[in-house]
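Each chain, written out:
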Amino acid sequence: MTKAEQQFLSILKNAVHSEPAFVIESPDWNGIINTARKQNLFPLVFDASSSLPGYETIEEQYFNSVAVQMSAQAQQTADFLSLYQSFLEDGLSPIVMKGIICRSLYGEKADFRASGDEDILVSKEDYQKAVHTLNRCGYHAENTPDSDLSFVQEVTFASSESPLTIELHLNPFGTNDHIRVKMNEWFQNVFQSQETVLIANVSVRTLEPTDHLLFLIFHAFKHFISGGFGVRMMLDILLFTEKYYDRIDQEYIQNGLASVNAVDFYNDLLILGNRYLGFLLPVNGEGTIPDELMEDMLRMGTFGNSSKNDSTAGRITSMAVEKDNKKHSRLSDMFRLLFPSWQFWVSWKPYLKDMPWMLPVEWVKRVVKYLKRGKPTSDLMESYKVADRRLELMKKYGVI
């Protein structure tokens, strides 16, 4: 861990657990800012740095951009609550996951925690009603789902009048691999156990705390076994655990995590939260590989796609998980990168379920796009270095 990354974590600790005597000598501002941006936590870190030496220069340089980012987030929040009110008026109460629920954990700093979109979950029976409300409010689908909705994880809706993007989920995790299928099984009854929270005087339906915590951990774990995940997801999980600890069924959480070999993963997140971010949460022993997990989070960024090579590495690790195999042939993986499985194509491009004859067109587009990147062989070797390192972490957690 670099000096700048250590300082970034210290500032983040001050942001969520304010320390009266907070001091950092000789802040590496360039490194701190780059790390905070990579983790999509810059506004939160910027605000919590005001007492540090040299902040005046940083404030002058970045104040306007941070203010614009926070203003955009506040607008997205207002637009979402207005949209949710429209759902209620149409007799629907979609389940809200992550997003605005996680931002509320930050209290008065809610809009310092950015969200790229808002995720809502509806039953297949309510899908068309939800689409009707979204269309009525000016939001239209960016992708066409499979007609029978059997493979659909989410459909993305956007509006020309708002920066808000909606991910309308029909299942929480998709069906790309056996682990995601197993995760979905733990959320088959959430429409019977949901609860209401009040956000800016709007009654919002969400998962009850045990289900929501399991969802947040599963969500991070899903990203971990594919492209990677960053500190922001860990922080959401820790803040949620801290706030709702007395209401969470810990045995249920452990059973859910055990079903996908994520018990040690969650325990390491708790250890890291206690060690670096000022949390005081119960942990089990010294952990499995907390230091290696932290290095991976800092390396991979918010969603593990900080570079094209990282994105390709994520696809390689995903294929290893799909095959549930500790060994993988590079030649075989190269072929599967260019010509993925039918299940992958259907989950990625749902329209192919109704138009399978378009698959060769998508193949050609994929090959051309890959070759246009330039130096495909050296890029692939670099991606394999990243993938091999991350696969070692997964072996230590017993994922593969």
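Residues numbered from 1 in each chain as written. Predicted model: local features only at pLDDT ≥ 70, side-chain atom pairs only at ≥ 80, totals over all residues. Heavy atoms only, no water.

Draft legend 1. A look at the environment of Met-294. Among the structural elements, Met-294 can be located in helix α13 (residues 290-300). Here the alpha-carbon distance between Met-294 and Asp-268, two residues 26 residues apart in the chain, equals 9.0 Å. Dropping the residues within four chain positions of it, Met-294 is found in contact with Met-1, Leu-9, Met-234, Leu-272 and Tyr-276. (Helix = DSSP H or I, 4+ residues; strand = E, 2+ residues; numbered from the N terminus. Contact = heavy atoms within 4.5 Å.)

Draft legend 2. Summary view of the environment of Glu-195. Note that Glu-195 resides in strand β6 (residues 195-199). Classification of Glu-195 by relative accessible area gives buried; the value is 18%. Separated by 10 residues in sequence, Glu-195 and Arg-205 place their C-alpha atoms 5.7 Å apart. Setting aside anything within four residues of it in sequence, one finds Glu-195 in contact with Val-204, Arg-205, Thr-206, Leu-207, Glu-208, Pro-209 and Arg-247. Looking at Glu-195, its side chain comes within polar contact range of the side chain of Arg-247, at 2.8 Å. (Buried < 20%, exposed > 50% of the residue type's maximum accessible area, 1.4 Å probe, protein only. Polar contact = N/O pair within 3.5 Å; in protein donor to acceptor, adjacent residues only side chain to side chain.)

Draft legend 3. A look at the packing of aromatic side chains. Here the structure, examined in full by the defined rule, presents 19 aromatic pairs. Both rings, one in Phe-80 and one in Tyr-84, keep their centres 6.1 Å apart while their planes meet at 45°; by these two values the pair is tilted. Here Phe-80 and its partner Tyr-84 are both found in helix α4 (residues 55-89), four residues apart, which amounts to about one turn of the helix. By relative accessible area, which is 0% here, Tyr-84 ends up buried. Ring geometry for Phe-187 against Phe-218: centres 6.2 Å apart, planes inclined by 70°, an arrangement best described as edge-to-face. With a gap of 31 residues between them, Phe-187 in the loop between α7 (178-185) and α8 (190-193) and Phe-218 in helix α9 (residues 209-224) connect regions that are remote in the sequence. Assessed through its relative accessible area of 0%, Phe-218 is described here as buried. The rings of Phe-221, Phe-224, Phe-229, Phe-265 and Tyr-397 are connected pair by pair, giving a single aromatic cluster. (Phe/Tyr/Trp six-rings, centres within 6.5 Å; stacked < 30°, edge-to-face > 60°.)

Draft legend 4. Representation of the pattern of salt bridges. The tally for this structure, following the rule as stated, stands at 13 salt bridges. Of the charged contacts in the structure, one is a salt bridge between Glu-19 and Lys-13, with a shortest N-O distance of 3.5 Å. For Glu-19, a relative accessible area of 29% translates into the label partly exposed. Arg-275 is the partner of Asp-291 in a salt bridge, and the nearest nitrogen-oxygen pair spans 2.6 Å. Highlighted residues: Asp-291 in helix α13 and Arg-275 in helix α12 (residues 263-276), separated in sequence by 16 residues. Of the residues examined, Asp-291 reaches a relative accessible area of 44% and is grouped as partly exposed. Salt bridges sharing common partners tie together Asp-296, Arg-389 and Arg-390. (Salt bridge = Lys/Arg side-chain N within 4 Å of Asp/Glu carboxyl O.)

Draft legend 5. Fine view of the side chain of Glu-5. In this fold, Glu-5 is placed in helix α1 (residues 3-16). Buried and without a salt bridge, Glu-5 has Lys-38 as its closest oppositely charged side chain, separated by 6.2 Å. (Lys, Arg positive; Asp, Glu negative; His and termini not counted.)

Draft legend 6. Focus on the nonpolar core. Among the nonpolar cores identified, the biggest contains 80 residues, and Phe-224 and Phe-265 are the most heavily contacted of them. What Phe-224 contacts, discounting residues up to four positions off in sequence, is Phe-229, Phe-265, Leu-293, Asp-296, Arg-390, Leu-393, Met-394 and Tyr-397. Among the nonpolar cores identified, the runner-up in size contains 26 residues, and Leu-81, Leu-83, Ala-130 and Val-152 belong to it. (Core = buried A, V, L, I, M, F, W, Y, C linked by side-chain atoms within 4.5 Å.)

Draft legend 7. Molecular detail of the packing of α12 against α13. Look at α12 against α13: their axes get within 9 Å of each other, and the N-to-C directions meet at 80°. With respect to each other, α12 and α13 are oriented roughly perpendicular. For the pair α12 and α13, the contacting residues are Phe-265, Asp-268, Leu-269, Ile-271, Leu-272, Arg-275 and Tyr-276 in the first and Pro-290, Asp-291, Leu-293, Met-294 and Met-297 in the second. Class assignment for the residues of the contact of α12 with α13 results in nine nonpolar, no polar and three charged. (Axes fitted to C-alpha atoms, helices over the stretch in contact; angles between N-to-C directions. Parallel < 35°, antiparallel > 145°, perpendicular 65-115°, else oblique. Nonpolar A, V, L, I, M, F, W, Y, C, P; charged D, E, K, R; others polar.)

Function cannot be inferred from these measures alone, as they are strictly geometric.
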